[in-house]
Amino acid sequence: MGHNDKLIAGFAALAITIHLLESALPSPVPGIKPGLANLVTLYVLIRHGWSLAANVTLIRVIAASLLLGSFLSPTFAMSLAGAIASLTILGVAWHFPGKPFGPVGLSILAAMAHISAQVVTAYLLFIPHDSLFTLLPILLTAALISGTLGGILVSKILERVDSITNT
Amino acid sequence: MSRSSFTALFTTADKLLFLVSLSLIVFSYVYFWQTSPASYAIVKSGQQDSRLINLNESKIHQVEGRLGISKLEVKDGQIRFISSACKNKICIQSGWHQHGGAVTACLPNRVSVQLGRQTSQTDYDAIIF
């Protein structure tokens, strides 16, 4: 087992735990949740690169769905679509020349891509009705708020981890 | 948290991205929440084929439902139930409808009215587990 495998396993375990805890939180509007499990993706991306972040995220989505009993259900399809979309945009933004985006920017991009992909997936596969898009503005607003807060949290976590490892 | 350390969390690109996202969201509210008057309505019933009603042509339409006849009045781009063979007359009390996307129905009589653009023809309404 290589060093990277251990990192992936450890972070995936953390992400799965957060994902499970978060799925127990009630939500005011279907589709809105804080996206705390994505903070792990963001942290791993910044510290260990995109390929590790993609591994951790995909393992989290599949393992959490097996534990929740939603594997291959619409919930799983939505979760996977969101994860793939946010990983794709994170890959592009992370390798952008000059690395202009900080944790907050990356987090906002991931959150917006995540929710947009989920709405499109829901429309194409499960609820083929135009009225579905009435929800989109509310979901995008929630994504901007949770993305910004998530990015700030990751910045703080990075600072804390640095101050611990440097002493 | 001091103000300077808070703004230090955002790079220039982050701030730009935040503003672009914000304007995108404002645009999405304007775009997806606009109510435009409908020009026609799709009337469906269990008893007969669904039909398209032109809302610009004032007329009273008769629809055959499970219990009997429902009458729909069209006037000035609006539509309402004026009589129906149901018990509670909720369909009549719901009044005039004119916005695209609005839906009204007489459930006991199995007659539904959908205003506005025709949604893509699919085999099902929704899938849930």
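All values derive from a computational prediction rather than experimental measurement. (Residues numbered from 1 in each chain as written. Chains lettered and ligands numbered in written order. Predicted model: local features only at pLDDT ≥ 70, side-chain atom pairs only at ≥ 80, totals over all residues.)

**Regarding the interface of chain A and chain B**
At step 1: Taken together, the contacts link 26 residues of chain A with 22 residues of chain B.
At step 2: Sorting the residues of the side of chain A that touches chain B by element identifies helix 5 (103-126) and helix 6 (136-165) of chain A as the ones contributing at least two each.
At step 3: At 8 residues, helix 6 of chain A tops the list of elements feeding residues into the side of chain A that touches chain B.
At step 4: In the side of chain A that touches chain B, the residues fall into 16 nonpolar, 9 polar and 1 charged. (Contact = placed C-beta atoms within 7 Å. Helix = DSSP H or I, 4+ residues; strand = E, 2+ residues; numbered from the N terminus. Nonpolar A, V, L, I, M, F, W, Y, C, P; charged D, E, K, R; others polar.)

**Topic: the environment of B:Gln62**
Residue and element names in this part refer to chain B.
At step 1: As for its position among the elements, glutamine 62 is in strand 3 (residues 59-64).
At step 2: Classification of glutamine 62 as exposed rests on a count of 9 C-beta atoms within 10 Å.
At step 3: Taking C-alpha positions, glutamine 62 is 9.6 Å from serine 84, a pair spaced 22 residues apart along the chain.
At step 4: Once residues within four sequence positions are removed from consideration, glutamine 62 is found in contact with Ile69 and Lys71. (Buried ≥ 20, exposed ≤ 12 C-beta atoms within 10 Å, placed from the backbone.)

**Regarding helix 2 (residues 37-48) of chain A**
Residue and element names in this part refer to chain A.
At step 1: A rise of 1.5 Å per residue sets the reference length of helix 2, with its 12 residues, at 16 Å; its end C-alpha atoms lie 17 Å apart and thus fit the reference within 8%.
At step 2: Taken across its 12 residues, helix 2 has 9 buried, putting it largely inside the fold.
At step 3: Residues Ala37, Asn38, Leu39, Val40, Thr41, Leu42, Tyr43, Val44 and Leu45 constitute the buried set of helix 2.
At step 4: Residues of helix 2 that are buried sit in contact with helix 1 (3-23), helix 3 (50-68), helix 4 (74-94), helix 5 and helix 6.
At step 5: One or two steps after helix 2, the chain reaches glycine 49, where phi turns positive at roughly 95 degrees. (Expected span 1.5 Å × (residues − 1).)

**A short note on the pairing of strand 1 (residues 40-45) of chain B**
Residue and element names in this part refer to chain B.
At step 1: Where strand 1 and strand 2 (residues 51-54) come together, 4 bridges link them in antiparallel fashion. Its bridge partner lying in strand 2, isoleucine 42 is registered against leucine 52.
At step 2: Between strand 1 and strand 2, which pair antiparallel and follow one another directly, the connecting turn spans 5 residues.
At step 3: By the bridge criterion, 5 bridges tie strand 1 to strand 7 (residues 111-115) in an arrangement that is antiparallel. Among the inter-strand pairings, lysine 44 is bridged to a residue of strand 7, identified as serine 112. (Pairing = 2+ DSSP bridges.)

**Observations regarding the packing of helix 1 of chain A against helix 3 of chain A**
Residue and element names in this part refer to chain A.
At step 1: Their axes nearest at 8 Å, the elements helix 1 and helix 3 cross at an angle of 45 degrees. Here helix 1 is positioned oblique relative to helix 3, judged by the angle of their axes. In this structure, helix 1 crosses over helix 3, and the sense of that crossing is right-handed. On the side of helix 1, the interface is formed by Asn4, Leu7, Ile8, Phe11, Ala12, Ala15, Ile16, His19, Leu20 and Ser23, while helix 3 contributes Leu52, Asn55, Val56, Ile59, Arg60, Ala63, Ala64, Leu67 and Leu68.
At step 2: Tallied by class, the residues present in the contact of helix 1 with helix 3 amount to 14 nonpolar, 4 polar and 1 charged. (Axes fitted to C-alpha atoms, helices over the stretch in contact; angles between N-to-C directions. Parallel < 35°, antiparallel > 145°, perpendicular 65-115°, else oblique. Left-handed = near helix turned anticlockwise from the far one by under 90°.)

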